[in-house]
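Chains, contacts and geometry: an overview
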Amino acid sequence: MRWQPLALTLLLLALSGGLLLLGTSVGAQGLDAALWQAPSLVTELRLPRSLAAWGCGALLGLAGAIAQGLFRNPLADPYLLGASAGASLGVALALVLAGSAGGALMAGSGWGLNLAAFAGAWAALGLTVLLSRGVSHTPRLLLAGVIVGVVLAAATQGLTLLDPSTLRPMQSFMLGSTSLLGWSQVALSLPLLAIALLLALMSSRTLDALGLGEATARSLGLPLDGTRALLLALLALCSGAAVAQCGLVAFVGLVAPHTVRALGVSRYRWLLPLSAISGGGLLLAADIVSRWVAAPIELPVGLPTALLGGAYLLSRLPRGEAR
Amino acid sequence: MRTLLSHLLAWASAALLSSAALANTGPLTHTDDLGRQVTLRAPPQRIVAIGPSLVESLCAVGGCDRLVGVDRFSNHPAMVNALPKLGGLGEVSLEQVLRLKPDLVLLTPASRLHDRIAQLGLPVLALDAQSLPEVRRLLRHMAVLVGAPERAEAVWAQMQREIDAAAAELPSSWHGRSVYFEVDPTPYAAGEASFIGAVLARLQLKNIVPAALGTFPQLNPEFVIRAQPALVIVGQREAPNLAQRPGWAGVPAVRHGRVCALPRADGDVVGRPGPRVGDAARALVRCVRALPPP
């Protein structure tokens, strides 16, 4: 199926708009008419939560598209370079230290765990780049990312075992959580998304060229190393911000670019924004599912994303074989 | 024929009764919370208990002197601090357990060690409590294990007196007020069906989380805001963040400063379903009394 990119953009935006409307109508009692009866619930809770969930998903979708282009690997996802492991370690550390003075300072800042996750993600990515001695060698970069991921994950496990009171918050972080998102998260994620998208679009030609191979891209005279460093920073920014707000949401960053490619879009000029929009839609849909199916009990948002994403990837599988 | 049958039945029930009476010495089959049966030839003398609730319950019925090893988090009563610590709740040093030569290992059902320890030939029971009636059952189980079943009821009765005494300390203006008890900022709540929920009910507070939602459900924050609780009980760590959560500033408890921040030191008491539920009730009342009365 081939779509005109512009038509597809409008369609996906309309879909996100519909989901947003649904998101403002689903709450602790399932579907209701709070939009008219209790507008404050909608403006204070459901609208910011839905928008921030969408923003989180969009950041992940964009990061996924960047990662897949940068590493020329369709299985690359935003967590590839250790960002997720770093963020988890940051959160675990913050939870363990919460009793101490430093922890109290952080809790008082109001950002608390978000800040810890963001710092952790950046530190892990920095470590990865350091270990791979720069960004120019892709396999070395990937390998360093895997190593950093494994080591930091082990450290996180160790910390969690040390203090079992951190088990539950850690679990909710690992499975992703959208339940406490508010306007401050919207104010952070949407402008960030706009900036990151703009900067990524400026590098879209390089991403297209990279698809032809590194040597070819170089022979086209593109400033490869500089662009690659920029894209890597964007990847870290997007995935770090998303993880800090919503925890380790699975699959969105992987599935969103694939969805867009399956619809016939291959140029990064379109792939980047469309991945963001579909990632946002996917996470918002998962958020709505997670608060609807067992209301007022909530499921971790990672469950529906993994289910939706897994089912989608599975549906793509047989067609791939038939070709 | 009928008389023979009734004779047989009478004989069988007499035999059952006498075996129950002789429970102190004879072999006894225990069924644990995983539905597994373990037959102990004699009351155990060297017990390893992994889990603070289990340790406290065993000690409450006078089994403390039979403990030879506990987990790292068990710290009550004080004498267990002198015992070998065998590890956390998930990872326990099997070698150390074996070296202690226990004749019974007590675990929680969530532990993954059950099968491995059973394979090593040690009798192992998985026991747990989430609700107040389950705490009573746990105490009974422990009392049977130490061969003094009557002690469980004495401990239980003492707990009831403590809870009632604590409840009497709470000013009556609090009675009937709605309460939200947050276990964890996920947010996980303590529902009516949990042991904390039962204590709150005895304090005549109205839990906003009905029993139908389970013992410790993870809730949509909107549910809490809609319920408009007059009192919120939350860990000290999370208390300062409540007002910053989207929409929470309007919750009556937050608006009127009726947020009870449980000190970390009380976390052990309030978080452990066991014989110290009376202490938990006292800690809750102490915390609530310090707030402006409604």
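This structure is a prediction, so every number in the text was calculated from the model and none was measured.

Structural notes on the overall build of chain B
- Helix and strand content of chain B: eleven helices and eleven strands.
- Each principal axis of the C-alpha distribution contributes one length, and for chain B these read about 70 × 55 × 30 Å.
- Pairs at least 24 apart in sequence give 55% of the contacts found in chain B among residues at least 6 apart.
- Accessible surface computed for chain B: about 13000 Å², of which carbon and sulfur atoms make up 58%.
- Counting 30 positive and 24 negative side-chain charges, chain B places the centres of these two groups 1 Å from one another.

Re the interface of chain B and chain A
- Contact with chain B, which involves 28 residues of that partner, is made by 35 residues of chain A.
- Across the contact surface, chain B and chain A share two salt bridges.
- Where chain B meets chain A, there are seven residue pairs in polar contact (both at pLDDT 80 or more).
- At the level of elements, β7 (178-184) and α8 (221-227) of chain B are the ones that each hand at least two residues to the side of chain B that touches chain A.
- The leading source of residues in the side of chain B that touches chain A is α8(B), at five residues.
- Its residues assigned to classes, the side of chain B that touches chain A shows 14 nonpolar, six polar and eight charged.

Points about the packing of helix α13 (residues 252-262) of chain A against helix α14 (residues 268-292) of chain A
Residue and element names in this part refer to chain A.
- At a minimum axis distance of 8 Å, the contact between α13 and α14 shows a crossing angle of 125°. Between α13 and α14, the angle falls in the class oblique. For the element pair α13 and α14, the recorded crossing hand is right-handed. Together, Val252, Val255, Ala256, Pro257, Val260 and Arg261 of α13 and Tyr268, Leu271, Leu274, Ser275, Ser278, Gly279, Leu282 and Leu283 of α14 make up the contact between the two elements.
- Taken together, the residues that form the contact of α13 with α14 break down as ten nonpolar, three polar and one charged.

As for the pattern of salt bridges
- Under the definition given, this model contains 23 salt bridges over all chains.
- Here Arg245(B) ties to Glu238(B) by a salt bridge, and the two come within 3.1 Å at their closest N and O atoms. Take Arg245(B) and Glu238(B): they sit in the same class, and that class is buried.
- Asp279(B) is the partner of Arg282(B) in a salt bridge, and the nearest nitrogen-oxygen pair spans 2.6 Å. In this pair, Arg282(B) and Asp279(B) both sit in helix α11 (residues 277-289), three residues apart, roughly one turn of the helix.
- Under the relative-accessibility criterion, Arg282(B) is labelled partly exposed at 39%.
- Connected through salt bridges with shared partners, the residues Asp32(A), Arg46(A), Glu222(B) and Arg226(B) form a single ionic network.

So, the confidence of the model for chain B
All names here are of chain B.
- In this model, chain B carries an average pLDDT of 87, and 90% of its residues clear a pLDDT of 70 or more.
- Note on residues 1-5: pLDDT is under 50 here. Beyond four places in sequence and across chains, it has zero contacts.
- Counting interchain partners and residues more than four positions distant, the pLDDT-below-50 stretch residues 12-23 has one contact.

Structural notes on the pairing of β7(B)
Residue and element names in this part refer to chain B.
- Counting buried residues in β7 gives six out of seven residues, a clear majority hidden from the surface.
- Summarising the sheet, β7 and strand β9 (residues 206-207) pair through two bridges and their orientation is parallel. Across the sheet, the residue bridging to Ser178 is Lys206, located in β9.
- Note that β7 and strand β10 (residues 231-235) share three bridges and pair parallel. Residue pairing across strands places Phe181 opposite Ile233, the latter belonging to β10.
- Pairing analysis gives two bridges linking β7 to strand β8 (residues 188-189), with the strands arranged antiparallel. Pairing of Glu182 across the sheet is with Ala189, part of β8.

Here we look at the state of the cysteines
Residue and element names in this part refer to chain B.
- A full pass over the atoms with the stated rule returns three disulfides over all chains.
- Two residues, Cys59 and Cys64, share a disulfide whose sulfurs are 2.0 Å apart. Between Cys59 and Cys64, the disulfide has an S-S torsion of 70° and is therefore right-handed.
- Linked covalently through their sulfurs, Cys260 and Cys287 form a disulfide whose S-S length is 2.0 Å. Sign of the S-S torsion, about 125° for the bond between Cys260 and Cys287, identifies this disulfide as right-handed. With Cys260 in strand β11 (residues 259-262) and Cys287 in helix α11, this residue pair connects regions lying 27 residues apart in the sequence. By the burial criterion, Cys260 is buried, and Cys287 matches it.

What to know about a nonpolar patch on the surface
Residue and element names in this part refer to chain A.
- Together, Leu127, Leu130, Leu131, Leu143, Ile147 and Val151 give the surface a local cluster of nonpolar side chains, amounting to about 590 Å² of exposed area.
- Of all elements in the fold, only α6 (113-131) and α7 (138-162) reach the threshold of two or more residues within the nonpolar patch.
- Within the secondary structure layout, Leu131 lies in helix α6.

Looking at the environment of Val259(B)
Residue and element names in this part refer to chain B.
- Residue position: Val259 is located in strand β11.
- Remark: the alpha-carbon pair of Val259 and Val224, spanning 35 residues in sequence, is separated by 14 Å.
- In contact with Val259, other than residues within four places in its own chain, are Val232, Val234, Leu242, Ala253, Val254 and Leu291.

Topic: the sheet that holds strand β3 (residues 47-49) of chain B
Residues and elements named next belong to chain B.
- Ordered in space as β4-β3-β5-β6, the four strands form an open sheet in which the pairing is parallel. What marks the edges here is a single partner per strand, and that holds for β4 (67-70) and β6 (124-126). Here the strands of the sheet are splayed against their neighbours by 20° on average, with no regard to which way each runs.
- Examined bridge by bridge, β3 and β4 share three bridges and lie parallel to one another. Each bridged residue has a counterpart across the sheet, and for Ala49 the counterpart in β4 is Val70.
- On the sheet, helix α2 (residues 52-60) packs against β3, β4 and β5 (104-107) and is oriented at approximately 160° with respect to β4.

Quick notes on the rules
Residues numbered from 1 in each chain as written. Chains lettered and ligands numbered in written order. Predicted model: local features only at pLDDT ≥ 70, side-chain atom pairs only at ≥ 80, totals over all residues. Heavy atoms only, no water. Helix = DSSP H or I, 4+ residues; strand = E, 2+ residues; numbered from the N terminus. Contact = heavy atoms within 4.5 Å. Areas by Shrake-Rupley, 256 points an atom, 1.4 Å probe, with all protein chains shown as cover. Lys, Arg positive; Asp, Glu negative; His and termini not counted. Charge placed at Lys NZ, Arg CZ, Asp CG, Glu CD. Salt bridge = Lys/Arg side-chain N within 4 Å of Asp/Glu carboxyl O. Polar contact = N/O pair within 3.5 Å; in protein donor to acceptor, adjacent residues only side chain to side chain. Nonpolar A, V, L, I, M, F, W, Y, C, P; charged D, E, K, R; others polar. Axes fitted to C-alpha atoms, helices over the stretch in contact; angles between N-to-C directions. Parallel < 35°, antiparallel > 145°, perpendicular 65-115°, else oblique. Left-handed = near helix turned anticlockwise from the far one by under 90°. Buried < 20%, exposed > 50% of the residue type's maximum accessible area, 1.4 Å probe, protein only. pLDDT = per-residue confidence, 0-100. Pairing = 2+ DSSP bridges. Disulfide = S-S within 2.5 Å. Patch = residues over 30% accessible without salt bridge, like charges linked within 9 Å, V, L, I, M, F, W, Y side chains within 5 Å.

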